[in-house]
Amino acid sequence: MPAASQKRAFAQDFFFELMRDSQRVRAVYLAERERWIRSLEVSGREEILFELEVLLCGIDRFFNLRNLFGEAQPPQERDWKEELKATRDAVHRSVHLSRKLIEQRQEGSLGDDRARARLGSELREQRTPEESLFLLRSGLVAHQGILDQLLRLDGAPQSLFLDVGQALQHELFVSRYFCPPAALEFRAEYDRIGSVLLLEALRLLEDEKKRRAFALALLASFRALRSLRYVPSPPVPHTRRVLVILALVRSELQALVGYLEGDLPRLSPAAGLVAAAGKAAAEKIRQVLAAIPPLLAQPLTDRAQLDLQRDKLAEATKLCVGILANALDPAMGHYALFEDDAARTDQSERLRMDLWIFREMCRYTAHALEQPAATPEAAEPLRRYATEFRDVGYQLLRHSDRELFDRFLDLLEGWSGRRGESTQIRMQRLRDDCHRFAEILERALELVSKRSELQKIPIDEASYREALAKVQKGR
């Protein structure tokens, strides 16, 4: 068996399996949704989808009073109009985001009741992600109208607030393709570990169970940090929906604490070291959740309180990531672990170098396969590098850019096993594919090089060629 097949990239199967396992019985629908989102010609579609799911999940968690008040009980006479306003704002934004992701349909009332019934029946089947999203948006529009009318009342008791929650949760949970993810349930479209250092540390772990245990905690941490970006810092004004997002992040971090203290040691055979890291990381989050007041303990108009919530939750999450990173590699500090300027520069520079090397390897392989005495072994250096590329560079790609890479990487993985073709024909096909993919890599490299963080950092050709030489020699 060729060496490249024996040493498969951990990312090739690892992140896919982790995402699929976290999705449980809905994996088939979510895989179809992933293909659909890739096909949309909408700028920034992954970010739109992420914000939409943050809000849908936040709406669900907003009606769990523990996420708003902690262990305390709200007073019975409390007026819940401000919470209903926050809900309406989150619903309104969700409608707006979902509209960006679906094609224009003929809406409004249909004169023929039979036509209306037929359309309704087709939509309720939710045969496609687009139909599912259209149905969800229609329901949210209706809830928005109901909330507008409810907010005209003089007051809103707790029972009304909870009834609104029940109705909204039903709307969300019957959605086949857009049911909000549960805690520690991940999506391939937007969940990722964006740190080059952490990806390298995970790649070097030989223990698969330990790698999985740490990766899940890191994915959850990075999702929480990304969600908090929708609670803007001054001078950007707050919208009421920041309450929904903060409630979601508190809920997610509570679940992460439970995972770090309970599941993390159980999932890793190196229980002593891993358990200690999990306990220490969980304690940082637990301390902050206990120290900052429950979300609704202060007036909702107190911006300073909401900013404190955001900052403390982000700080605790970063401390958690730092402890886990140190357990993976004691020499690793906090530098370049997060989405600050240094981290973005490191990620973009690493991706640029990986794309450059990949392009050169494709050209090198195509040239080698053109030689009269060429053999299939000429493709082995490229196959080895493709395995390494999946582990780090591939993880730094936007989800929408991965499809072209998937096709070529899968082709490399199985090209030697094609049946019904002679060796010469297979080599000729691979040579042509290498030429075509080198052009794709050239365009990708140009786009990455235009990123603002790389504008003043030229390609270090000497170091790139040194890295290329090591790849060609199989080091």
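Look a little higher up for the structure.
Within any chain, residue numbers begin from 1 and follow the written order of that chain's sequence. Totals for whole chains, interfaces and linings use all residues, but because this is a predicted model, local features are given only for residues with pLDDT of at least 70 and pairs of side-chain atoms are given and counted only at 80 or more. Derived side-chain values reflect all non-hydrogen atoms in the structure, with water molecules and hydrogen atoms excluded from consideration.

(A) Quick peek at the environment of aspartate 432. For aspartate 432, the position within the fold is in helix H18 (residues 423-449). The spacing of aspartate 432 and leucine 369 is 63 residues in sequence and 9.6 Å in space, taken between C-alpha atoms. Put simply, DSSP H or I for four residues or longer makes a helix, DSSP E for two residues or longer makes a strand, and each gets a number counted from the N terminus.

(B) Region of the structure containing the side chain of arginine 61. For arginine 61, the position within the fold is in helix H4 (residues 45-62). Throughout this description, a polar contact denotes any pair of N or O atoms lying within 3.5 Å of each other; where both atoms belong to protein, one of them has to be capable of donating a hydrogen while the other can accept it, and for residues adjacent in sequence the pair is counted only when both atoms sit in side chains. Only 3.4 Å separates the side chain of arginine 61 from the backbone oxygen of proline 181, close enough to count as a polar contact. The contact partners of arginine 61, leaving out residues within four places of it in the chain, are Asn67, Pro181, Ala182, Ala183, Leu248, Ser251 and Glu252. Contacts are residue-level and defined by heavy atoms, with any inter-residue pair within 4.5 Å sufficient.

(C) Structural context of the packing of aromatic side chains. Note on ring pairs: Phe, Tyr and Trp rings are taken, using the six-membered ring of Trp, and paired if centres are within 6.5 Å. Classes follow the plane angle, with under 30 degrees stacked, over 60 edge-to-face and the rest tilted. Applying the stated criterion across every chain, the model contains 18 aromatic pairs. Ring centres of tyrosine 29 and tyrosine 177 lie 5.4 Å apart, and the angle between their planes is 70°; on these two criteria the pair is classed as edge-to-face. With tyrosine 29 in helix H3 (residues 27-39) and tyrosine 177 in the loop between helix H9 (158-173) and helix H10 (196-204), this residue pair connects regions lying 148 residues apart in the sequence. Exposure categories follow from relative accessible area, calculated using a 1.4 Å probe and restricted to protein chains: below 20% of the type maximum is buried, above 50% is exposed, and the middle band is partly exposed. On the accessibility criterion, tyrosine 29 (30% relative accessible area) is partly exposed. Pairing phenylalanine 358 with phenylalanine 408 gives two aromatic rings, centres 6.2 Å apart and planes at 55°, and the pair type is tilted. Taken together, the positions of phenylalanine 358 in helix H15 (residues 341-369) and phenylalanine 408 in helix H17 (residues 402-414) put the pair 50 residues apart, joining distant regions of the chain. Summarising the burial analysis for this pair, phenylalanine 358 and phenylalanine 408 share the class buried. Members of the aromatic cluster, connected to one another through ring pairs, are Phe358, Tyr385, Phe389, Phe405, Phe408 and Phe437. It is arginine 226 that lies over the ring of phenylalanine 50; its NZ or CZ is 4.2 Å from the centre. Put simply, a charge is over a ring when the Lys NZ or the Arg CZ is close to the ring centre, within 6 Å, and near the line of the ring normal, within 35 degrees. Positioned above the aromatic ring of tyrosine 394, the side-chain terminus of arginine 390 is 6.0 Å from the ring centre.

(D) Layout of the packing of H3 against H4. For every element, the axis is a line fit to its C-alpha atoms; helices are fit only across the contacting stretch, and the angle between N-to-C directions ranges from 0 to 180 degrees. Between H3 and H4, the least distance of the axes is 9 Å, while the angle of their chain directions is 135°. By the angle between their axes, H3 is oblique relative to H4. On the side of H3, the interface is formed by Arg33, Ile37 and Arg38, while H4 contributes Arg45, Leu49 and Glu53. An angle counts as roughly parallel when it lies under 35 degrees, as roughly antiparallel when it exceeds 145, as roughly perpendicular when it falls between 65 and 115, and as oblique in every other case.

(E) Spotlight on the packing of H4 against helix H6 (residues 81-101). Interhelical geometry of H4 versus H6 gives an angle of 150° and a closest axis separation of 9 Å. Here H4 lies roughly antiparallel to H6, going by the angle between them. The handedness of the crossing between H4 and H6 comes out as left-handed. On H6, the residues touching Arg45, Ile48, Leu49, Glu51, Leu52, Leu55, Leu56, Ile59 and Phe62 of H4 are Glu83, Ala86, Thr87, Ala90, Val91, Arg93, Ser94, Leu97, Ser98, Lys100 and Leu101. By residue class, the composition of the contact of H4 with H6 is twelve nonpolar, three polar and five charged. Each helix crossing is assigned a hand: it is left-handed if the near helix lies turned anticlockwise from the far helix by less than a right angle, otherwise right-handed if that turn is clockwise. Here the nonpolar group is Ala, Val, Leu, Ile, Met, Phe, Trp, Tyr, Cys and Pro; Asp, Glu, Lys and Arg are the charged ones; every other residue, Gly included, is treated as polar.

(F) Broad picture of unusual backbone geometry. The amide bond that connects proline 234 to the next residue, proline 235, takes the cis arrangement and shows omega of 10°. Inspection of the secondary structure puts proline 235 in the loop between helix H11 (208-228) and helix H12 (242-267). Positive phi values are uncommon outside glycine, yet glutamine 126 reaches one of about 50°. Tracing the sequence through the fold places glutamine 126 in the loop between helix H7 (113-125) and helix H8 (129-150). The backbone of leucine 184 shows a phi angle near 60°, a positive value even though the residue is not glycine. With respect to the secondary-structure elements, leucine 184 resides in the loop between H9 and H10. What makes leucine 184 buried here is its relative accessible area of 18%.

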